Amino acid sequence: MSEALVASQAAGTDVTVPAASGARQFWRRLRAQRAALVAAAVVALLVLVALAAPLLTAIEGQDPFTYHPSLIDSARGGVPTGSFGGISGDHWLGIEPQTGRDLFARLVYGARVSLGVALGATVVQVLIGVVVGVAAALGNRWIDQLLSRCTEIIIAMPLMIMSLALLAIVPSSFPRPLLVALIIGLIAWGTVAKIVRAQTLTLKQLDYVSAARLSGWGTWRIARRELLPGLAAPVITYAALLVPTNISVEAALSFLGVGVKPPTPSWGQMLTAADVWYQAAPQYLLLPAGALFVTVLALTVLGDGIRTALDPRAASRLRIGTGRKREAKADAGTKGASGKDAGTKGDADTKSATTKSATTKSASSKEATS
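Every chain's residues receive numbers from 1 upward, in the order its sequence appears when written. In view of the model being predicted, local features appear only for residues whose pLDDT reaches at least 70, and side-chain atom pairs are presented and counted only at 80 or more, with totals across whole chains, interfaces and linings using the full set of residues. Values shown for side chains rest on all heavy atoms present in the structure; no hydrogens or waters enter the calculation.

### Regarding a nonpolar patch on the surface
Right, on to step 1. Here, patches come from residues exposed beyond 30% relative accessible area and free of salt bridges, joined within 9 Å for like charges and within 5 Å for nonpolar side chains (Val, Leu, Ile, Met, Phe, Trp, Tyr). Each accessible area is a Shrake-Rupley result for a 1.4 Å probe, and residues are judged covered by the shown protein chains and nothing else. Only one rule defines a salt bridge in this text: a Lys or Arg side-chain nitrogen within 4 Å of an Asp or Glu carboxyl oxygen. Side chains of Phe174, Leu178, Leu182 and Leu186 sit close together on the surface and give an oily, nonpolar patch of about 330 Å² of accessible area.
Right, on to step 2. Segments assigned H or I by DSSP are reported as helices when at least four residues long, segments assigned E as strands when at least two residues long, and all are numbered from the N terminus. By the element assignment, Phe174 lies in the loop between helix 6 (159–169) and helix 7 (176–187).

Next up, the structure:
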């Protein structure tokens, strides 16, 4: 990456200001997108709630595993007693039907499981995809063909069916959230590998990579020092869009009964038990469904904002809150001011030239007269 040049000449001449760094440009473009900023704030709040789940439940005085049989009406099939599903000062969002477990505690602990599984699966996908994609692009023809065919096989595999099969045969003693994250990551890395391979093949043709190769650098040193920085933008962009997808996959697997097992709280697992209680206790269904909707929407908007900020040539797919009108007005104002200054300077130069011409003519007339 070439650095900005600072042109400082003799005194009285203009000095060229260095261009802003890539990170500054990224943050400036991201700040111009109000929807992305709101989404980032929502995601930060969700992560904070997930990390502070033990503290929040301690403040409430509940935990996600304790049963409260005295708070449910057995004669009505286990419906929570009291109004609004058992909401009270001790149970901020009410209790679960049949079990009486606290809904708030299970919801915040479920955020830890859902976000943790999604982030863990994304890390596995990115690591495997980057290694396979770079190796395929830098290897010889046989290595490239082998890794490319393996990548296409992985992409062709149906994610849900393979996950269902693998989760069904693994012993139940294995930690379920970790197992779900590993299976999603090990099955769904193919697209990352294809993106990384295509980008690496493009970067190989650039001059600075050719210069490093002529300097005697080894293949993996070139990959580490020259190619990986260039791969950061597309990989970060795609990883940001993978997280909401993985959250949805984890929720679907838990809803089908092969993901996170009770009593471990998970939003998808809560939806599995809530599908028969939406009339008697609607908040039991609406709370995890609403949390999933808000999380996936915020992560999707944030991912689109990151993609647009890293690649300004790509228009936002959302068309909302991107600040494009403000940027256009600012650019138009800057251009108008520059044009106005240029016009003022041109008028001044014209007047000066006219004055000089008149002075010259007057002097010539005087000499002719004398």
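There is more to say, and it comes next.
### A few points about the environment of Arg197
Right, on to step 1. In this fold, Arg197 is placed in helix 8 (residues 190–203).
Right, on to step 2. C-alpha separation for the pair Arg197 and Gly133, spaced 64 residues apart in sequence, amounts to 4.2 Å.
Right, on to step 3. Other than its neighbours up to four places away in sequence, Arg197 contacts Gly133, Ala136, Ala137, Asp144 and Ser148. Contact criterion: two residues are considered in contact whenever any of their non-hydrogen atoms come within 4.5 Å of each other.

### A closer look at the pattern of salt bridges
Right, on to step 1. Evaluation of the coordinates by the stated rule reveals five salt bridges.
Right, on to step 2. One salt bridge connects Glu96 with Arg101, and the closest N-O pair in it is separated by 3.0 Å. Each member of the pair, Glu96 as well as Arg101, is classed as buried.
Right, on to step 3. For Glu96, the salt bridge goes to Arg106, with nearest N and O atoms at 2.9 Å. With a gap of 10 residues between them, Glu96 in the loop between strand 2 (79–80) and helix 4 (103–138) and Arg106 in helix 4 connect regions that are remote in the sequence. Each member of the pair Glu96 and Arg106 is classed as buried. The buried label goes to any residue with under 20% of its type's maximum accessible area, the exposed label to any with over 50%, and the partly exposed label to all in between, with areas taken from a 1.4 Å probe on protein chains only.

### What to know about the confidence of the model for the chain
Right, on to step 1. For the chain, the mean per-residue pLDDT works out to 78, and 78% of the residues sit at or above 70.
Right, on to step 2. As a per-residue quantity, pLDDT reports the predictor's confidence and falls between 0 and 100. Taken as a whole, residues 1–20 scores under 50 in pLDDT and shows 10 contacts with residues more than four places along the chain or in a different chain.
Right, on to step 3. Below a pLDDT of 50 lies the segment residues 360–370, which in the model reaches zero contacts outside its immediate sequence neighbourhood of four places, other chains included.

### Remarks on the side chain of Asp144
Right, on to step 1. Of note, Asp144 is situated in helix 5 (residues 141–156).
Right, on to step 2. Residues within four places of Asp144 in sequence aside, it is in contact with Ala136 and Arg197.

### Points about the nonpolar core
Right, on to step 1. Residues grouped as a nonpolar core are buried Ala, Val, Leu, Ile, Met, Phe, Trp, Tyr and Cys residues, joined through side-chain atoms within 4.5 Å. Among the nonpolar cores identified, the biggest contains 32 residues, and Ile247, Trp267, Tyr284 and Leu292 are the most heavily contacted of them.
Right, on to step 2. Elements that contribute at least two residues to this core include exactly helix 1 (22–31), helix 2 (34–51), helix 4, helix 10 (219–255), helix 11 (267–274) and helix 12 (282–310).
Right, on to step 3. Among the elements that line this core, the one with the most residues is helix 12, at nine residues.
Right, on to step 4. Once residues lying within four places of it in the same chain are set aside, the contact partners of Tyr284 are Glu96, Pro97, Leu103, Met270, Ala273, Ala274 and Trp277.

### Examining unusual backbone geometry
Backbone phi values are negative for most residues with the exception of glycine, while trans is the configuration of most peptide bonds.
Right, on to step 1. A cis geometry characterises the amide bond from Pro262 onward to Pro263, with omega recorded as 10 degrees.
Right, on to step 2. Take Pro263: it is sitting in the loop between helix 10 and helix 11.
Right, on to step 3. Its identity is not glycine, yet Gln98 carries a phi of approximately 70 degrees, on the positive side.
Right, on to step 4. Take Gln98: it is sitting in the loop between strand 2 and helix 4.
Right, on to step 5. Gln98 sits in the exposed class, given a relative accessible area of 52%.

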